[in-house]
Amino acid sequence: PAVPTSVELVKDLPRGATVVDVGCFGWLLGQATAHGGITLIGVDQVEPPGRPAHARFVHGSGSTIDLPDDSCDLAVAGHVLEHVQDGIGFAVELLRIVKPGGLVWIESPSELGCQSRSSDDPEDQHFFSFWDDPQHVRPWTPGALYRLAITCQAIPLAIQRGQTGHVPV
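The structure contained in this document is the topic of the report that follows.

Rules of the game
- Residues numbered from 1 in each chain as written.
- Predicted model: local features only at pLDDT ≥ 70, side-chain atom pairs only at ≥ 80, totals over all residues.
- Heavy atoms only, no water.
- Helix = DSSP H or I, 4+ residues; strand = E, 2+ residues; numbered from the N terminus.
- Rg over C-alpha atoms; globule rule 2.2 N^0.38 Å.
- Buried < 20%, exposed > 50% of the residue type's maximum accessible area, 1.4 Å probe, protein only.
- Contact = heavy atoms within 4.5 Å.
- Areas by Shrake-Rupley, 256 points an atom, 1.4 Å probe, with all protein chains shown as cover.
- Lys, Arg positive; Asp, Glu negative; His and termini not counted.
- Charge placed at Lys NZ, Arg CZ, Asp CG, Glu CD.
- Core = buried A, V, L, I, M, F, W, Y, C linked by side-chain atoms within 4.5 Å.
- Pairing = 2+ DSSP bridges.
- Axes fitted to C-alpha atoms, helices over the stretch in contact; angles between N-to-C directions.
- Patch = residues over 30% accessible without salt bridge, like charges linked within 9 Å, V, L, I, M, F, W, Y side chains within 5 Å.
- Salt bridge = Lys/Arg side-chain N within 4 Å of Asp/Glu carboxyl O.

1. Remarks on the overall build of the protein
Inference 1: A count of helical and extended segments in the protein gives four helices and 10 strands.
Inference 2: Its helices and strands taken in sequence order, the protein reads α-β-α-β-β-β-β-α-β-β-β-α-β-β from the N to the C terminus.
Inference 3: Its C-alpha atoms give the protein a radius of gyration of 16 Å, within 12% of the compact-globule value 15 Å for 169 residues.
Inference 4: Here the C-alpha coordinates of the protein stretch approximately 50 × 35 × 30 Å along the principal axes.
Inference 5: Within the protein, the proportion of its 169 residues that are buried is 38%.
Inference 6: For the protein, contacts bridging at least 24 residues in sequence account for 54% of all contacts bridging at least 6.
Inference 7: For the protein, the computed accessible surface area is about 9,500 Å², with 54% contributed by carbon and sulfur atoms.
Inference 8: Within the protein, the 20 negative side-chain charges are centred at a point lying 8 Å from the centre of the 10 positive side-chain charges.

2. Some points on the nonpolar core
Inference 1: With 23 residues, the main nonpolar core has Val-20, Val-22, Val-43, Leu-67, Phe-90 and Ile-97 as its most contacted residues.
Inference 2: Counting residues per element, the ones that place at least two in this core are β1 (18-22), β2 (39-44), β5 (72-78), α3 (87-97) and α4 (142-151).
Inference 3: Element by element, the count of residues in this core is highest for α3, at four residues.
Inference 4: Beyond its immediate sequence surroundings of up to four residues, Val-22 is in contact with Val-43, Ile-65, Val-76, Ala-77, Gly-78, Val-80, Phe-90 and Leu-94.
Inference 5: Ala-17, Cys-24, Ile-38 and Leu-74 belong to the second largest nonpolar core, which has 15 residues in total.

3. Some thoughts on the sheet that holds β5
Inference 1: The six strands lie next to each other as β4-β3-β2-β1-β5-β6, forming an open sheet whose pairing is mixed. Here the strands that pair on one side only, and so sit at the sheet edges, are β4 (64-65) and β6 (98-107).
Inference 2: The pairing of strand β3 (residues 55-61) with β4 spans two bridges and is classified as antiparallel. Bridging across to β4, Ser-61 finds its partner in Thr-64.
Inference 3: Contacts from α3 reach β1, β4, β5 and β6, with the element oriented near 140° to β6.

4. Brief notes about a nonpolar patch on the surface
Inference 1: A cluster of nonpolar side chains, Leu-103, Ile-155 and Leu-157, forms an exposed patch at the surface whose accessible area comes to about 330 Å².
Inference 2: Inspection of the secondary structure puts Ile-155 in the loop between α4 and β9 (163-164).

5. Quick notes on the environment of Gln-31
Inference 1: Here Gln-31 lies in helix α2 (residues 30-35).
Inference 2: The exposed category is assigned to Gln-31, whose relative accessible area is 60%.
Inference 3: Along the sequence, Gln-31 and Pro-52 sit 21 residues apart, while their C-alpha atoms lie 8.3 Å from each other.

6. As for the pattern of salt bridges
Inference 1: The full count for this structure, using the stated rule, is five salt bridges.
Inference 2: The shortest N-O distance in the salt bridge between Arg-51 and Glu-47 comes to 2.6 Å.
Inference 3: On the basis of relative accessible area, Arg-51 is assigned to the partly exposed category, the value being 40%.
Inference 4: Judged by relative accessible area, which is 36%, Glu-47 ranks as partly exposed.
Inference 5: The residue Glu-93 makes a salt bridge to Arg-96 at a minimum N-O spacing of 2.8 Å. Of the two residues, Glu-93 and Arg-96 both sit in helix α3, three residues apart, roughly one turn of that helix.
Inference 6: Note on Arg-96: relative accessible area 24%, which makes it partly exposed.

This is how it looks when you write it as structure tokens:
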């Protein structure tokens, strides 16, 4: 099955649900949660600017999120996993904060982003590579994400390749 976007998942949640956005820079789920009567909790190492009025912020770092067990219906980690040293510990932490029957949505650059690529325009000298970001630890193939889920005793509902801007995910 096609993987829904994080915003599509939020829009399908019932009123009163809670979403935790790990790596909340840009507060990309702010609008979707405000209109649906959904609680938004942003998690990051430092609070990013622009927090929506209805959202709250908690600290998280590495494989630790300052929330109790079973805190949310949906945990979103968009472009976070590739920055984490301990992928299994991070995934286990996401599963810990999700209520039984809840969902975890992860988006991460794939190994295709490691290939040096450039624009089709011969005068454009931009290269885009996973390794251009010094904070990236590793890319995640679909097979690696599947094995990560199984290792953490989670049931993967859908895994697929896609694009976020110029980044293969």
